[in-house]
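# Topology and contacts: notes
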Amino acid sequence: MTDSPVLLVAARTAANEGRWLDAYTALAEADESDQLTADELELLASAATFSGRPDEASAARQRAFSLVRADQPRRAAGLAIVSSMTHLARNSMAVGIGWAQQAKDLLDDQGECEEAITYSLLEALVASEAGQEDQALEAAEEIIVRARRLGGADDAKAMATLLKGQILIMQGRVDEGAPLVDSAMALAVSGCLGEFASAYIFCGTISTCASSGDLDRAWEWTNEVGRCNVSGIAEYPGDCRMHRAEMLRIRGEWTKAELELASVCEELGTWHVGHAAGAYYELGEVSLRRGDLEAAAHAFAACKELGHRALPGFASLELARGNPDTAAALLEEGLAATSDRFDRSQLLHVAVEAQLAAGMVDEAGVAAAELAAMADRWKGPIHQARAATSAGLVAAARGERGVALDLLRSAVDWWRQVPAPYDEAVSRVALAEVEPSVARVVQLETALEAFVRLGATIDTERLLAQLGRAQSSERIALAMMFTDIEGSTAMLASMGDEAWLAVLRQHDNTLRSLFATHHGEVYTGTGDGFFVGFPSVDNALMCANAIQAAMDEVRVRIGVHFAEASRDAGGISGRGVHEAARISALGSGGDIVVSSATLERATKPYRTRDIRTVELKGLPGQMQVAYLA
């Protein structure tokens, strides 16, 4: 066993470099032989948090609290506040309130101090979650003033600034709120704040931007976090990763979204089941757009089992199955159950489509009017796009062709600004119905090109039939490989832009050379990962082994799966592609994960170190996979 002092030095070095898993491993080993100090336990709590071990983080933080409670009440109160915030974020309400009371008791006779201000922030957050927006807004403003007067409490002041911005955005005062969110986020990525505050602000910013439809701002800050060197901020567990996948899905990068989601479902579940439910929901949305209705139903069902209503996904699924009455009823129930303005925006957008398909034109008009009011309040492109699309569809149903033409043309422009290529294509199909004959064909052809490129099979088939053309795809069987660099965001954060780009170039050149050597055809190359097809299993597995042997500065996970797929002008699509992506997500850096059925097709022997039966996230059924030795 390594000596504890050596382990502790290694842990501190790893933490300073943002290598939280290494820090956690060293600290956990040191903890087995020696009693850790309060400082070391706090570091263990951070390492456990940022390596996706919330239960271990709570245990370490509580042990640190016990050590300092008698002699350092302010420090103990700070630990109690963080414990309260993390438990409340995980929806563990009773435990969170208990820790909040501990903090309050410890601070009763401490006067004005940083911890007292942070406790007030905790109260403001609880008020905001309870829907007491005005009270929370007033409290956030007071916290900012108190922090300035004290001359410290930068973490509390920044989180209060974020909270103030979030509430103003919720109230439709976007021009006032967005700069405050940006200000807090700038501090978070600059390294001026503590790790917990930085990560909390990152997740809060991404969640707020995604929920409010400000995807440009969310995308900019996500990319900025990837470039910053603040330890922990890139790996903070929570719904920020799910929202990043949501943005990828909206932007049409479905395979990348699937890889992200499939790899984090279990991790998000350890943090908060609501986050895991959100990940399953997004997997369902991707499958729905691809045209895999069975997989979409399975993912939405998994989402619902975790306590999420899975709307509007289930309603969209019923629409795709040709059941508009059922879809409309589901959405009516969902709208009656929520007053959340951002949730209602998503539900109303699908409700208009379902109601019109069910012949409920008046009801659709009411829903479209509410969306228009939301677009007036939140000026973001996604709200404008939803409102214009819905109003255009209602106008078309009422025979108001000129009005529908203007609105749907506007919708196409707004979806392009988001950008949301799938939704843009759907709006083009609706626009074609009210366009003059020549322009109609242009709109349909443009939409078809997008559907084919994205791999939206049902939409492609429907549009080809509408254009009177036969399906141009062919069925092929091939060995599919997905590769992905483990921890690429964290590596970028620790290495910096220039060094990371050099590593990426070497990785890209090495892999492309090996693909060519083993007769692989690259379908997508996303910078830190590839989707490649091979004519045989042996070609794919020999290439996978060669890749792992060649890797030096990065750790790559690889998944290989032999299956049938459809090939057309847009590339490769079908259930087998989803399965291959999910198989890849089962691995860690250095792993080669192969479906057992694929191994049976190999003509050469390959050693395995583990064979297991797994569920592929968001897909029905089970599959046996093997890890190559």
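Data block above holds the structure.
It should be emphasised that the depicted structure is a prediction, and the values quoted were computed from it without experimental measurement.

## Notes on the overall build of the protein chain
For the protein chain, the count of helices and strands is 30 helices and eight strands. Relative to the compact-globule value of 25 Å for 629 residues, the protein chain shows a C-alpha radius of gyration of 26 Å, a close match. By its C-alpha atoms, the protein chain is 80 × 65 × 40 Å across when sized along the principal axes. Looking at the 629 residues of the protein chain, the share that counts as buried comes to 55%. Accessible area for the protein chain stands at about 26,100 Å²; split by element, carbon and sulfur atoms hold 48% of it. Positive and negative side-chain charges of the protein chain, numbering 56 and 89 respectively, have mean locations separated by a distance of 3 Å.

## Side note on the environment of R75
Examined against the element boundaries, R75 turns out to sit in helix α5 (residues 73-89). Given a relative accessible area of 24%, R75 falls into the partly exposed group. Measuring from C-alpha to C-alpha, the distance between R75 and A64 comes to 9.7 Å, with 11 residues separating the pair along the chain. Leaving out residues up to four positions away in the same chain, R75 has contacts with A38, D39, E42 and V68. One polar contact links R75 to D39, side chain to side chain, over a distance of 2.5 Å.

## Concerning the pattern of salt bridges
Tallied over the full model, the rule gives 34 salt bridges. Between D484 and R557 there is a salt bridge whose closest N-O contact spans 2.8 Å. Highlighted residues: D484 in strand β1 (residues 474-485) and R557 in strand β4 (residues 556-568), separated in sequence by 73 residues. Neither D484 nor R557 differs from the other in exposure class; each is buried. Its salt-bridge partner being R609, residue D591 comes within 2.3 Å of it at the nearest N-O pair. Highlighted residues: D591 in the loop between α29 (575-585) and β6 (592-595) and R609 in strand β7 (residues 608-615), separated in sequence by 18 residues. Accessibility expressed as a relative area gives 12% for D591, which makes it buried.

## Concerning the nonpolar core
Membership of the largest hydrophobic core comes to 149 residues, with the highest contact counts inside it found for L121, M185, I201, F300 and L317. No other element matches the nine residues that helix α9 (residues 154-170) contributes to this core. Contacts of F300, omitting those with residues within four sequence positions, involve Y281, G284, E285, L288, A310, G313, F314 and L317. By size, the runner-up hydrophobic cluster in this structure holds 31 residues, among which are L514, A540, M551 and A626.

## Let's talk about the side chain of H518
Along the chain, H518 falls in the loop between α27 (497-517) and β2 (521-525). Of the residues examined, H518 reaches a relative accessible area of 14% and is grouped as buried. Sequence-distant contacts of H518, that is, excluding residues within four places in its chain, are made with F534, N539, M542, C543 and A546.

## Details of the packing of aromatic side chains
Across all of its chains, the model carries 12 aromatic pairs by this definition. Judged by centre distance (5.2 Å) and plane angle (55°), the rings of Y523 and F531 are tilted. Among the residues examined, F531 registers a relative accessible area of 3% and is labelled buried. An aromatic cluster of at least three residues, connected via ring pairs, comprises W254, Y422 and F451. Sitting over the face of the ring of W219, R251 holds its NZ or CZ atom 4.1 Å from the ring centroid. Lying across the ring of W378, R377 places its NZ or CZ 5.5 Å from the centre.

## Quick word on the packing of helix α15 (residues 273-290) against helix α17 (residues 313-320)
Packing of α15 against α17 brings their axes to within 10 Å, and their N-to-C directions diverge by 20°. As far as their axial angle goes, α17 and α15 are roughly parallel. As α15 packs across α17, the resulting crossing turns out to be left-handed. On the side of α15, the interface is formed by Y281, E285 and L288, while α17 contributes G313, S316, L317 and A320. Here the contact of α15 with α17 is built from residues that sort into four nonpolar, two polar and one charged.

## Points about helix α21 (residues 381-397)
Between its first and last C-alpha atoms α21 spans 24 Å; for 17 residues at 1.5 Å apiece the expected length is 24 Å, and the two agree. Burial within α21 is extensive, with 13 of its 17 residues counted as buried. Just downstream of α21 lies G399, where phi reads positive at about 80°.

## Considerations on the environment of D182
For D182, the position within the fold is in helix α10 (residues 174-190). Taking the C-alpha atoms as reference points, D182 and G252, separated by 70 residues in sequence, lie 26 Å from one another. Here D182 is in contact with R217 and W221, once residues within four sequence places are set aside. One polar contact links D182 to W221, side chain to side chain, over a distance of 2.9 Å.

## Thoughts on the packing of helix α3 (residues 38-50) against helix α4 (residues 54-68)
Interhelical geometry of α3 versus α4 gives an angle of 165° and a closest axis separation of 8 Å. By the angle between their axes, α3 is roughly antiparallel relative to α4. Crossing geometry of α3 relative to α4 is assigned as left-handed. Here A38, L41, E42, L44, A45, A48 and T49 of α3 lie close against α4, whose contacting residues are P54, E56, A57, A60, R61, R63, A64, L67 and V68. Grouping the amino acids of the contact of α3 with α4 by side-chain chemistry returns 11 nonpolar, one polar and four charged.

## Let's talk about the pairing of strand β3 (residues 529-534)
Burial within β3 is extensive, with six of its six residues counted as buried. Burial along β3 is two-sided: G529, F531 and G533 and F530, V532 and F534, pointing in opposite directions, are all buried. With six bridges joining them, β1 and β3 adopt antiparallel strand pairing. When the bridges of β3 are listed, M481 appears paired with V532. Where β2 lies against β3, four bridges are found, and the strand directions are antiparallel.

The rules behind these values
- Residues numbered from 1 in each chain as written.
- Predicted model: local features only at pLDDT ≥ 70, side-chain atom pairs only at ≥ 80, totals over all residues.
- Heavy atoms only, no water.
- Helix = DSSP H or I, 4+ residues; strand = E, 2+ residues; numbered from the N terminus.
- Rg over C-alpha atoms; globule rule 2.2 N^0.38 Å.
- Buried < 20%, exposed > 50% of the residue type's maximum accessible area, 1.4 Å probe, protein only.
- Areas by Shrake-Rupley, 256 points an atom, 1.4 Å probe, with all protein chains shown as cover.
- Lys, Arg positive; Asp, Glu negative; His and termini not counted.
- Charge placed at Lys NZ, Arg CZ, Asp CG, Glu CD.
- Contact = heavy atoms within 4.5 Å.
- Polar contact = N/O pair within 3.5 Å; in protein donor to acceptor, adjacent residues only side chain to side chain.
- Salt bridge = Lys/Arg side-chain N within 4 Å of Asp/Glu carboxyl O.
- Core = buried A, V, L, I, M, F, W, Y, C linked by side-chain atoms within 4.5 Å.
- Phe/Tyr/Trp six-rings, centres within 6.5 Å; stacked < 30°, edge-to-face > 60°.
- Lys NZ or Arg CZ within 6 Å of the ring centre and 35° of its normal.
- Axes fitted to C-alpha atoms, helices over the stretch in contact; angles between N-to-C directions.
- Parallel < 35°, antiparallel > 145°, perpendicular 65-115°, else oblique.
- Left-handed = near helix turned anticlockwise from the far one by under 90°.
- Nonpolar A, V, L, I, M, F, W, Y, C, P; charged D, E, K, R; others polar.
- Expected span 1.5 Å × (residues − 1).
- Pairing = 2+ DSSP bridges.

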